[in-house]
Amino acid sequence: MENILVIGGAGYIGSHTARQLAAAGYRPVILDNLSKGHRQAAAGFDFELGDFTDKACLERVLQKYNFAAVMHFAACTEVDRSVKDPAVFYQNNTAGVLALLNALTAHTIKRFVFSSSAAIFGEPKTDLINENHPKSPINPYGHSKLMVEQMLSDFDTAYGLKYAALRYFNASGSDESGEIGESHSPETHLIARLIQTAAGKQKGFTIFGTDYPTSDGTCIRDFVHVNDLARAHVLALGKLLNEPASLCFNLGSGTGHSVAEVVETVKKVTGRNFDVQTAPRRAGDPARLVADNTKARKVLGWQPTYDLTRIIQTAWQWETHRKY
Ligand code: UDP
């Protein structure tokens, strides 16, 4: 059984991926500082409490297990916070990963799966964004991720590191087991906030920006279920371990939904009505981000399986029975 280090495996996407790794016959070992993750989300797995940017801690974990590959989820992800406080993003998401890659090189660990983002593309030049789309981030979060993609490419050339850079579009929904799900504090993501509003845990909902150049003036995003994303990680890892070549994939459903449309769908699925206010644009938000997922379908055999309604149903199910 191959050991896979899952950094940030007690977090949202990491915990869903750890479960699928185990189901696929790998042994996930979770390293998480629990700053945003939840101990319950890592229940049943080998768990190491610590920060991947703590050199001594990382060294201890790398020495304790023999890892076939590392998956890295532990990142700051809120776009508007990255505009207000870029230092934190460059420190954790970029400098932290450089130190991590150096440690992996020293331990001759040469397989790495990286959580990248649609934010590396900036304002799209085409309706659907494929892997070759120009990379021109419009916020520090996107820059922090793109810089790592550049480092990965250079580490491949120089040291033979083989990696998969997975550019997530809008991760959403929760596992149907009801054991794990989305739980951020504060919650900033669209669907999770709407669900909390529908549940009466937040008062009213605010749409940020109604003057975008889209059909209804609100932003368009591509919502992809967290379990679909998790499966793409397992597929990418299998490919990296079997035929070592670096890869990048845009992971989205390929369908765009406007913020206003998502608001209406949440009301419909939950059967709850709530107040919706509008406010000016949030800093750093591109008008539209929708994936062309042809490459992931062809090369990985990946297929997103949840549509927006189903995603919202799983998010609602979690919210009404949440464990953490
Ligand atoms: N959004 C919103 N109200 C909220 C949270 C998000 O209008 O309370 C909008 C946000 O401005 C963006 C979209 O929903 O246009 C998706 O935002 P989210 O933070 O979920 O993901 P991002 O696309 O920034 O990764």
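Above: the structure in question.
Residues numbered from 1 in each chain as written. Predicted model: local features only at pLDDT ≥ 70, side-chain atom pairs only at ≥ 80, totals over all residues. Heavy atoms only, no water.

## Examining empty space enclosed by the protein
Turning to step 1, where the next piece is worked out: Taken as a whole, this structure holds one cavity of 30 Å³ or more when the rule is applied.
Turning to step 2, where the next piece is worked out: By volume, the largest cavity amounts to about 80 Å³.
Turning to step 3, where the next piece is worked out: Residue lining of the largest cavity: Ser 174, Glu 182, Ser 183, His 184, Glu 187, Ala 192, Ile 195, Gln 196, Ala 315, Trp 318, Glu 319 and Arg 322, and that is the complete set.
Turning to step 4, where the next piece is worked out: For the lining of the largest cavity, the secondary structure elements donating two or more residues are α6 (190-198) and α10 (308-321). (1 Å grid on protein atoms, 1.4 Å probe; cavity = no way out; pocket = protein on both sides within 12 Å on 5 of 7 lines; lining within 4 Å. Points joined across faces, edges and corners; volume = space filled by probe spheres on them. Helix = DSSP H or I, 4+ residues; strand = E, 2+ residues; numbered from the N terminus.)

## Focus on the environment of Ala 68
Turning to step 1, where the next piece is worked out: As for its position among the elements, Ala 68 is in strand β4 (residues 67-72).
Turning to step 2, where the next piece is worked out: A relative accessible area of 23% places Ala 68 in the partly exposed class.
Turning to step 3, where the next piece is worked out: The sequence separation of Ala 68 and Pro 286 amounts to 218 residues, and the corresponding C-alpha distance is 37 Å.
Turning to step 4, where the next piece is worked out: Apart from the residues lying within four places of it in its own chain, the contact partners of Ala 68 are Glu 2, Asn 3, Ile 4, Arg 111 and Leu 241. (Buried < 20%, exposed > 50% of the residue type's maximum accessible area, 1.4 Å probe, protein only. Contact = heavy atoms within 4.5 Å.)

## What about helix α5 (residues 140-159)?
Along an α-helix, residues three or four apart share an orientation, since each turn contains 3.6 residues.
Turning to step 1, where the next piece is worked out: Its 20 residues place the ends of α5 28 Å apart at the C-alpha level, agreeing with the 28 Å of an ideal helix rising 1.5 Å per residue.
Turning to step 2, where the next piece is worked out: Residues of α5 that are buried in the fold lie against α3 (79-84), α4 (86-106), β5 (111-117) and β6 (162-168).
Turning to step 3, where the next piece is worked out: Gly 160 lies just past α5 and shows a positive phi near 75°. (Expected span 1.5 Å × (residues − 1).)

## A closer look at the nonpolar core
Turning to step 1, where the next piece is worked out: Membership of the largest hydrophobic core comes to 34 residues, with the highest contact counts inside it found for Ile 4, Ile 13, Leu 21, Leu 166, Leu 237 and Leu 251.
Turning to step 2, where the next piece is worked out: Looking at this core, the elements that each hand over two or more residues are β1 (3-7), α1 (12-23), β4, β6, α7 (226-242), β11 (247-251) and α9 (294-300).
Turning to step 3, where the next piece is worked out: Here this core gets seven residues from one element, more than from any other, and that element is α7.
Turning to step 4, where the next piece is worked out: With residues up to four places along the chain from it excluded, the contact list for Leu 251 reads Leu 166, Arg 167, Tyr 168, Phe 169, Val 224, Leu 229, Ala 232, Ala 296 and Trp 302. (Core = buried A, V, L, I, M, F, W, Y, C linked by side-chain atoms within 4.5 Å.)

## Remarks on the sheet that holds strand β9 (residues 220-221)
Across a sheet, strands are paired by hydrogen bonds formed along the backbone, either parallel or antiparallel in direction.
Turning to step 1, where the next piece is worked out: Spatial strand order, β12-β9-β14: three strands in an open sheet with mixed pairing. Looking along the sheet, the strands with just one partner apiece sit at the ends: β12 (257-258) and β14 (288-289). (Pairing = 2+ DSSP bridges.)

## Description of the sheet that holds β4
Turning to step 1, where the next piece is worked out: Here we have seven strands laid out as an open sheet, ordered β3-β2-β1-β4-β5-β6-β11, and parallel in their pairing. Two strands close off the open sheet at either side, each with one partner strand: β3 (46-49) and β11. Within this sheet the neighbouring strands show an average axis-to-axis angle of 20°, counted without direction.
Turning to step 2, where the next piece is worked out: Pairing of strand β2 (residues 27-32) with β3, which is carried by four bridges, proceeds in the parallel orientation. When the bridges of β3 are listed, Ile 30 appears paired with Phe 47.
Turning to step 3, where the next piece is worked out: Each of β1, β2, β4 and β6 is contacted by α1, which is oriented at about 160° to β2, the strand it contacts most.
Turning to step 4, where the next piece is worked out: Helix α2 (residues 55-64) contacts β1, β2, β3 and β4 of the sheet and is inclined by roughly 160° relative to β3. (Axes fitted to C-alpha atoms, helices over the stretch in contact; angles between N-to-C directions.)

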